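Observations on the model geometry
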Amino acid sequence: MASMCSSVSNSSRFLASKPSSSSSCRSKSKLSTIRCAIGEIISEAKVSSSTEPLLLSAVKGEKVERPPVWLMRQAGRYMKSYQLICEKYPSFRERSENVDLVVEISLQPWKVFKPDGVILFSDILTPLPGMNIPFDIVKGKGPIIYDPLRTAEDVSKVREFVPEEFVPYVGEALTTLRAEVKNEAAVLGFVGAPFTLASYVVEGGSSKHFSKIKRMAFSQPEVLHALLQKFTTSMAQYIKYQADHGAQAVQIFDSWATELSPADFEEFSLPYLKQIVDSVKSTHPNLPLILYASGSGGLLERLSLTGVDVVSLDWTVDMAEGRRRLGADVAVQGNVDPGVLFGSKDFITKRINDTVNKAGNHKHILNLGHGIVVGTPEENVAHFFEVAKGIRY
């Protein structure tokens, strides 16, 4: 971990003078003098000479001047510009399945905050219709699966997902985003993990107790395994498709895997995540894969066994503890509590610096521990990015 000025007690222990642009210190090789907030020279480090996005350099373990930063759900309902689009296009599926709207919404936070990652505006359930599983997202109710899968016969009707055929707009949007963002930030794709997707389609939507998926797991495990395998094959192909059309990293959301006990995670989630990683790495060995599972404190060591490049921590895990448990070879992402963005600007600054301090100066992507919450003040999000991009190791 980089040394820091312990006597500094103002708004940021890490802040230094900002470069004239976010990429100016990455565009050429040089020795960068690192200063603490009061101007004392504390160390010198060679800044990465790569012209690639800062996020990719950090994941590789290269020396970077600061942690890259982006936020889950950075394009969304807290932004006034997004609310205006919702008024004109009230259907979420219309917004997420129209190339022009997907690009516009994905770029809204980029144009305002300039994050180091620009994530595709979409949903983990987007592939379902292409797998013969009709669904919709209803305002106030969330995702609705019209014909939940409960039997072996239901699962037999699920077909393999062919992205080129069913979601060409995703590929077009990613290609456009790469052209718009260039290499000033990494373009991120994402998919749902097999167990999480299975949970939605078996439960019929969101769930509190996950009784239906667990009934299937514990009374008809062969049926669930058949469904999980179909999602595994399809999501591996979907990740490759996203990478081939412009995604420079892909995040896998296993949001509901933490509803499983460790033993059940090892049976119903871990093997399928490993299959996805192995399949993707066989054809796209340099594509960074990020894994996020909310409430994952009890499963951290198992998450790293998947072979992903980055484990994204939620805010219930202390960052320093997470680092120790995962080891130095695994990059980490996170993990500021989204609720912090409702606090004062000084409080937000303090929590950012605490997280960065605990994560250290190696293989860390600064993010929240979950998505931005609806109603979050947009000016506080702006402050988060301003502080984060002003940090210097």
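Residues numbered from 1 in each chain as written. Predicted model: local features only at pLDDT ≥ 70, side-chain atom pairs only at ≥ 80, totals over all residues. Heavy atoms only, no water.

Regarding its fold elements, the chain presents 16 helices and 11 strands. By the burial criterion, 55% of the 393 residues in the chain qualify as buried. Within the chain, contacts between residues at least 6 apart in sequence are counted, and of these 70% link residues at least 24 apart. For the chain, the computed accessible surface area is about 16000 Å², with 50% contributed by carbon and sulfur atoms. (Helix = DSSP H or I, 4+ residues; strand = E, 2+ residues; numbered from the N terminus. Buried < 20%, exposed > 50% of the residue type's maximum accessible area, 1.4 Å probe, protein only. Contact = heavy atoms within 4.5 Å. Areas by Shrake-Rupley, 256 points an atom, 1.4 Å probe, with all protein chains shown as cover.)

Moving on: the UniProt feature "domain: Uroporphyrinogen decarboxylase (URO-D)" (unreviewed entry) in the chain. Sites flagged by UniProt as "domain: Uroporphyrinogen decarboxylase (URO-D)" (unreviewed entry) map to residues 68-77 and 188-204. In this annotation, residues 68-77 is assigned 0% helix and 0% strand; the end-to-end C-alpha distance for the span is 23 Å. Secondary structure across residues 188-204 comprises 59% helix and 29% strand; the distance between its end C-alpha atoms is 28 Å. (UniProt positions renumbered as here; feature names shortened; annotations may be inferred.)

This brings us to the pairing of strand β7 (residues 249-253). In terms of burial, β7 is a largely internal element, five of the five residues being buried. The alternating pattern of β7 places A249, Q251 and F253 on one face and V250 and I252 on the opposite face, and all of these are buried. Where strand β6 (residues 186-192) meets β7, five bridges bridge the pair, whose relative direction is parallel. Paired with V191 across the strands is I252, a residue of β7. Note: β7 against strand β8 (residues 289-292), four bridges, orientation parallel. The residue bridging V250 from the neighbouring strand is L289, located in β8. (Pairing = 2+ DSSP bridges.)

Counting residues in hydrophobic clusters, the biggest one holds 93 residues, and the most contacted among them are I133, V201, L227, F231 and I239. The dominant element in this core, judged by the number of residues it contributes, is helix α10 (residues 221-244), at 10 residues. Beyond its immediate chain neighbours, meaning those up to four positions away, I133 contacts L128, I145, L149, V158, V201 and F231. Judged by nonpolar contacts, the second largest core, of 32 residues, contains Y78, V336, V356 and V381. (Core = buried A, V, L, I, M, F, W, Y, C linked by side-chain atoms within 4.5 Å.)

In terms of burial, β6 is largely enclosed, as seven of its seven residues are buried. On β6, burial covers both faces: A186, L188, F190 and G192 on one face and V187, G189 and V191 on the other are all buried.

With respect to the helices, strands and loops of the structure, E203 is situated in helix α8 (residues 194-203). One buried charged side chain, E203, makes no salt bridge at all; its nearest oppositely charged neighbour is K212, positioned 4.3 Å away. In this structure the side chain of E203 is engaged in a polar contact, spanning 3.3 Å, whose partner is the backbone nitrogen of S211. A distance of 2.9 Å separates the side chain of E203 from the backbone nitrogen of K212, its partner in a polar contact. Contact partners of E203, with chain neighbours within four places excluded, come to R150, F210, S211, K212 and I213. (Lys, Arg positive; Asp, Glu negative; His and termini not counted. Salt bridge = Lys/Arg side-chain N within 4 Å of Asp/Glu carboxyl O. Polar contact = N/O pair within 3.5 Å; in protein donor to acceptor, adjacent residues only side chain to side chain.)

If you trace the seven strands from one edge of the open sheet to the other, you get β3-β6-β7-β8-β9-β10-β11, paired in parallel fashion. With partners counted over all chains shown, the strands left at the sheet margins are β3 (117-119) and β11 (364-368), one partner each. Averaged over all pairs of adjacent strands, the angle between strand axes in this sheet comes to 25 degrees, irrespective of strand direction. Pairing of strand β10 (residues 331-336) with β11 involves five bridges; the strand directions are parallel. Directly across from Q333, in β11, lies its bridge partner I365. Across the sheet, α10 is in contact with β6, β7 and β8; its angle to β6 comes to roughly 165 degrees. (Axes fitted to C-alpha atoms, helices over the stretch in contact; angles between N-to-C directions.)

Within the secondary structure, G371 is located in the loop between β11 and α16 (378-390). Residue G371 is classed as buried on the basis of its relative accessible area of 5%. Residues in contact with G371, not counting those within four places in the same chain, are M72, R73 and P338.

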